[in-house]
Amino acid sequence: MGLSLLWAFANLGPRKTAESGQDRFGQEAANFLQNDFYVDDGLKYFTTPENAIDIVKSTQAMCAAVNLRLHQFASNSKDVLEAMAVEDCSKD
């Protein structure tokens, strides 16, 4: 299997998760998962810490509903990091 095919499979899971969970967990969480992830890395700018926390928490719940764990968060906001479980934050 080629490397590009592996990336396609890696991106399919989160996209399908977003499609199936958008009604329950919200369109913003689905958009975050569909549009701001590449393979297993997500990157997004949020306007406020509260907005980041809400969307990340909703996205974590969406992923957890299909047994995916969204973790290793990094942020330049102390408020965002404090709102995350310690084991979900990046060690770096």
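In this text, all values refer to a predicted model and were calculated from it rather than measured experimentally.

Draft legend 1. Structural context of the overall build of the protein. Counting secondary structure elements, the protein contains four helices and two strands. Of the regular secondary structure in the protein, the N- to C-terminal order runs α-α-β-β-α-α. The burial tally for the protein puts 33% of its 92 residues in the buried class. Counted over contacts in the protein with a minimum sequence separation of 6, partners at least 24 positions apart contribute 53%.

Draft legend 2. Expanded view of the environment of Ile-53. With respect to the element layout, Ile-53 can be found in helix H3 (residues 49-64). A relative accessible area of 18% places Ile-53 in the buried class. Sequence spacing of Ile-53 and Ala-83 is 30 residues, and the spatial spacing of their C-alpha atoms is 6.9 Å. Among residues more than four places away in sequence, those in contact with Ile-53 are Asp-79, Val-80, Ala-83 and Met-84.

Draft legend 3. Geometry of H3. For H3, spanning 16 residues, the distance from its first C-alpha to its last is 22 Å, which sits close to the expected 22 Å at 1.5 Å a residue. All of the buried residues along H3 are Ala-52, Ile-53, Ile-55, Val-56, Thr-59, Gln-60, Met-62 and Cys-63.

Draft legend 4. Representation of the packing of helix H2 (residues 27-35) against H3 in the model. Running from N to C, H2 and H3 cross one another at 80°; their axes reach a closest spacing of 8 Å. By the angle between their axes, H2 is roughly perpendicular relative to H3. Residues Glu-28, Ala-29, Ala-30, Phe-32 and Leu-33 of H2 touch H3, and the partners they reach there are Asn-51, Ile-55, Val-56, Ser-58, Thr-59, Met-62 and Cys-63.

Draft legend 5. Looking closely at the layout of surface pockets. Computed from the structure, the largest pocket encloses a volume of approximately 810 Å³. Every residue lining the largest pocket is counted, 30 residues in all, and those nearest its centre are Phe-32, Phe-37, Gly-42, Leu-43 and Phe-73. At the level of elements, helix H1 (3-25), H2, strand E2 (41-42), H3 and helix H4 (78-83) are the ones that each hand at least two residues to the lining of the largest pocket. For the lining of the largest pocket, the element with the highest residue contribution is H3, accounting for four residues. When its residues are assigned to classes, the lining of the largest pocket shows 19 nonpolar, seven polar and four charged.

Draft legend 6. Main features of the pattern of salt bridges. As enumerated under the stated definition, the model contains four salt bridges in all. Close ionic contact of Arg-69 with Asp-88 constitutes a salt bridge, the shortest N to O distance being 3.1 Å. Linking Arg-69 in the loop between H3 and H4 with Asp-88 in the segment after H4, this pair joins segments that are 19 residues apart in sequence. By relative accessible area, which is 12% here, Asp-88 ends up buried.

Calculation rules
- Residues numbered from 1 in each chain as written.
- Predicted model: local features only at pLDDT ≥ 70, side-chain atom pairs only at ≥ 80, totals over all residues.
- Heavy atoms only, no water.
- Helix = DSSP H or I, 4+ residues; strand = E, 2+ residues; numbered from the N terminus.
- Buried < 20%, exposed > 50% of the residue type's maximum accessible area, 1.4 Å probe, protein only.
- Contact = heavy atoms within 4.5 Å.
- Expected span 1.5 Å × (residues − 1).
- Axes fitted to C-alpha atoms, helices over the stretch in contact; angles between N-to-C directions.
- Parallel < 35°, antiparallel > 145°, perpendicular 65-115°, else oblique.
- 1 Å grid on protein atoms, 1.4 Å probe; cavity = no way out; pocket = protein on both sides within 12 Å on 5 of 7 lines; lining within 4 Å.
- Points joined across faces, edges and corners; volume = space filled by probe spheres on them.
- Nonpolar A, V, L, I, M, F, W, Y, C, P; charged D, E, K, R; others polar.
- Salt bridge = Lys/Arg side-chain N within 4 Å of Asp/Glu carboxyl O.

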